[in-house]
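Observations on the three-dimensional arrangement
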Amino acid sequence: MGSAPSSSSSRPLAKDSFGFTARLEHVDSSKNLTKFERVRRAVGRGRHRLQRIHSMVLAAASSGDTQVEAPIHAGNGEFLMQLSIGTPPNGYSAIVDTGSDLIWTQCQPCSQCFNQSTPIFDPKKSSTYSELSCSSKLCEALPESNCGNSCEYLYTYGDYSSTQGVLAADTFTFGGSGSDHVAIKGVGFGCGEDNEGDGFSQGAGLVGLGRGPLSLVSQIGVSKFSYCLTSIDDTKSGKLQIGSHVSTGTDGTVLTTPLIKNPAQPSFYYLSLQGISVGGTHLPIQKSTFELQDDGSGGLIIDSGTTITYLEQSAYSIVRKAFISQTKLPVDDSASGTTGLDLCFKLPKGQSKIEIPKLVLHFEGADLDLPGDNYMIADSDLGLACLAMGSSSGMSILGNIQQQNIMVVHDLVKETMSFVPTQCD
């Protein structure tokens, strides 16, 4: 088994001395569902997540001098990774979330815990477990904490879901089997003794990969991480690569765009979306539509935990009209109840292949020309093809369907994001 330096909150090094690769399983991959059943479930979760994120942004934009009772975080997600905690290692699966920072798992003794498929972590059985003091940097980085004998945290996720417990540190083990394992000492995490609400029951906790000091990538000080997500109806695994394991390959196109910082929402990965083309036509969307505003509202984030892409209402309306005018198929207004998607077209009977207009997202320095499967979901049995997009108020989100079969590389030193077309399975 490999080992790595102890966790720290230092600035990432330009070159990583260690890393690991973890498989990413879609939360519904083991369920016997049709393509649109998967989509509908995922879109439902994504809509809740959108509402949470919107609540966060509104709270930050309007807070001013007002004291917010408990900051809200994105929470839940669509992909799970396997990891272990403690000595000896206690294995479990956790939701991977690029929209939040805190790493946490359920802990004994539980005053309130949801059901999980693996044993709940018992700190008393780990020889490397320790509670963090109130003066620790990670405790000071918590948005909401109380200090008695130890650093107590409360993390709220906007739909009455929350985790509450003690901030602690322990050895975390990541990666595959045998020599591919990497054990990292002293990773700070939330030992959750009171965990409430929906959305967490797919895993036994959460691994935050956001830009704040509490996230896994910030704590272990790596310069890069990437993920590669399989399509929503693919039962095969995607992958998460951390540190020295990140590779963009030598073949194919690498598109790179700057990451933008939003002081009001420092955990999110913001991108500069400057326009959208449908069918070769640059749409008349005002450039300011996707710009980050001075109060921290607006902008576009890329997010692994939201399923479809949500565009600010005025932009979505223009995109929707362009697809209706350029797709030579009748619109099915009754299909949203079946699919959870706003715009669906009727497929001719027995026809599985259709012509759809090209969709290009124009980021600063990178024109992302998406494959058809990344924005139009078709099912010949149902006779439907639906646009995997929706509208939002203010903020826009690039969802994971648009990212499937693309290696998405986060460079935390250069503060860039790269897109590399890749068959992720």
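Just so you know, these numbers come straight off a predicted model, no measurement behind them.

**What about the state of the cysteines?**
Under the counting rule described, the total for this entry stands at six disulfides. Across a sulfur-sulfur distance of 2.0 Å, C228 and C424 are joined as a disulfide pair. The sign of the S-S torsion, about -70°, decides the handedness of the disulfide formed by C228 and C424: left-handed. Highlighted residues: C228 in strand β12 (residues 224–228) and C424 in the segment after β28 (416–421), separated in sequence by 196 residues. For the pair C228 and C424, a shared accessibility class is recorded, and that class is buried. When the bonded cysteines of the protein chain are numbered from the N-terminus onward, they pair as 1-8, 2-3, 4-6, 5-7, 9-12, 10-11.

**As for empty space enclosed by the protein**
Evaluation of the coordinates by the stated rule reveals two cavities of 30 Å³ or more. Each pocket or cavity is described by its volume, and for the largest cavity that value is around 60 Å³. Of the residues belonging to the lining of the largest cavity, the class tally is four nonpolar, six polar and one charged. Every residue along the wall of the second largest cavity is listed here: L24, F79, V96, T98, Y227, L229 and S304. Residue classes in the lining of the second largest cavity are distributed as five nonpolar, two polar and no charged.

**Side note on helix α4 (residues 313–326)**
Along its 14 residues, α4 runs 20 Å from first to last C-alpha, staying within 8% of the 20 Å computed at 1.5 Å per residue. Looking only at α4, the buried set comprises A315, Y316, V319, A322 and F323. Projected onto a plane normal to the axis of α4, the buried residues spread over an arc of 125° and lie on a single side.

**Structural notes on the sheet that holds strand β21 (residues 359–363)**
Working definition: the strands of a sheet are paired by backbone hydrogen bonds and lie parallel or antiparallel to each other. Read across the open sheet, the four strands follow the order β17-β16-β21-β22; overall the sheet is antiparallel. Since the sheet does not close on itself, it has two edges, and those belong to β17 (281–282) and β22 (366–370), each with one partner. Pairing geometry for strand β16 (residues 273–278) and β17, over two bridges, is antiparallel. Within β17, the residue paired with V278 across the bridge is T281. Helix-sheet contacts for α4 involve β16, β17 and β21, and the interaxial angle to β16 is about 15°.

**Examining the nonpolar core**
Membership of the largest hydrophobic core comes to 73 residues, with the highest contact counts inside it found for M81, F189, I276, F323 and F363. Apart from residues no more than four positions distant in its own chain, M81 is found in contact with F20, A22, R23, L24, Y92, S93, A94, V96, F174, V207 and L240.

**Things to note about the pattern of salt bridges**
With the rule as written, the count across this model stands at four salt bridges. A salt bridge links E25 to R23; the shortest N-O distance between them is 3.1 Å. When the shortest N-O distance is used, the salt bridge between D342 and R320 registers 2.7 Å. Placement of the pair is D342 in the loop between α5 (336–339) and β20 (344–346) and R320 in helix α4, with a sequence separation of 22 residues. Judged by relative accessible area, D342 falls into the partly exposed class, the value being 38%.

**Some thoughts on the sheet that holds β20**
In space, the three strands of this open sheet follow the order β20-β24-β23, with antiparallel pairing throughout. A single partner strand is all that each edge strand has here, and the edge strands are β20 and β23 (376–379). Direction aside, the axes of adjacent strands within the sheet are offset by 20° on average. Pairing of β20 with strand β24 (residues 384–387), which is carried by three bridges, proceeds in the antiparallel orientation. Considered in β24, the bridge of F345 is made with A385.

**A few points about the pairing of β28**
Where burial is concerned, most of β28 is hidden: five out of the six residues are buried. Inspection of the sheet shows strand β14 (residues 255–260) paired to β28 by four bridges, in the antiparallel sense. Directly across from T256, in β28, lies its bridge partner S418. As paired strands, strand β27 (residues 406–411) and β28 are joined by six bridges and run antiparallel to one another. Its bridge partner lying in β28, I406 is registered against P421. Remark: four residues form the turn of the hairpin made by β27 and β28, two consecutive strands paired antiparallel; E415 in that turn has positive phi of roughly 55°.

**Some words on the side chain of S392**
Along the chain, S392 falls in strand β25 (residues 389–392). With residues up to four places along the chain from it excluded, the contact list for S392 reads L50, Y310, L311, E312 and Q313.

**Some thoughts on the side chain of T230**
In this fold, T230 is placed in the loop between β12 and β13 (238–243). If near-sequence neighbours (up to four positions away) are discounted, T230 is found in contact with K236, S237, G238, Q404, C424 and D425.

**Thoughts on the environment of E364**
Inspection of the secondary structure puts E364 in the loop between β21 and β22. Taking the C-alpha atoms as reference, E364 lies 8.5 Å from T256; in sequence the two are 108 residues apart. If we skip the residues at most four places from it in the chain, E364 touches T256, T257, P258, S272 and Q274.

**Comments concerning the packing of aromatic side chains**
For the structure shown, the criterion picks out 11 aromatic pairs. Look at W104 and F114: their rings are 6.5 Å apart centre to centre, the planes differ by 75°, and that puts the pair in the edge-to-face class. Linking W104 in strand β5 (residues 104–106) with F114 in the loop between β5 and β6 (130–131), this pair joins segments that are 10 residues apart in sequence. Accessibility expressed as a relative area gives 13% for F114, which makes it buried. Ring geometry for F121 versus F189: centroids 6.2 Å apart, planes at 65°, classification edge-to-face. Here F121, found in the loop between β5 and β6, pairs with F189, found in strand β10 (residues 182–196); they are 68 residues apart in sequence, far enough to count as distant. Pairwise contacts between aromatic rings join F20, F121, Y129, F172, F174 and F189 into one cluster.

Here is what the cut-offs are and how they apply
- Residues numbered from 1 in each chain as written.
- Predicted model: local features only at pLDDT ≥ 70, side-chain atom pairs only at ≥ 80, totals over all residues.
- Heavy atoms only, no water.
- Disulfide = S-S within 2.5 Å.
- Helix = DSSP H or I, 4+ residues; strand = E, 2+ residues; numbered from the N terminus.
- Buried < 20%, exposed > 50% of the residue type's maximum accessible area, 1.4 Å probe, protein only.
- 1 Å grid on protein atoms, 1.4 Å probe; cavity = no way out; pocket = protein on both sides within 12 Å on 5 of 7 lines; lining within 4 Å.
- Points joined across faces, edges and corners; volume = space filled by probe spheres on them.
- Nonpolar A, V, L, I, M, F, W, Y, C, P; charged D, E, K, R; others polar.
- Expected span 1.5 Å × (residues − 1).
- Arc of directions from axis to C-beta.
- Pairing = 2+ DSSP bridges.
- Contact = heavy atoms within 4.5 Å.
- Axes fitted to C-alpha atoms, helices over the stretch in contact; angles between N-to-C directions.
- Core = buried A, V, L, I, M, F, W, Y, C linked by side-chain atoms within 4.5 Å.
- Salt bridge = Lys/Arg side-chain N within 4 Å of Asp/Glu carboxyl O.
- Phe/Tyr/Trp six-rings, centres within 6.5 Å; stacked < 30°, edge-to-face > 60°.

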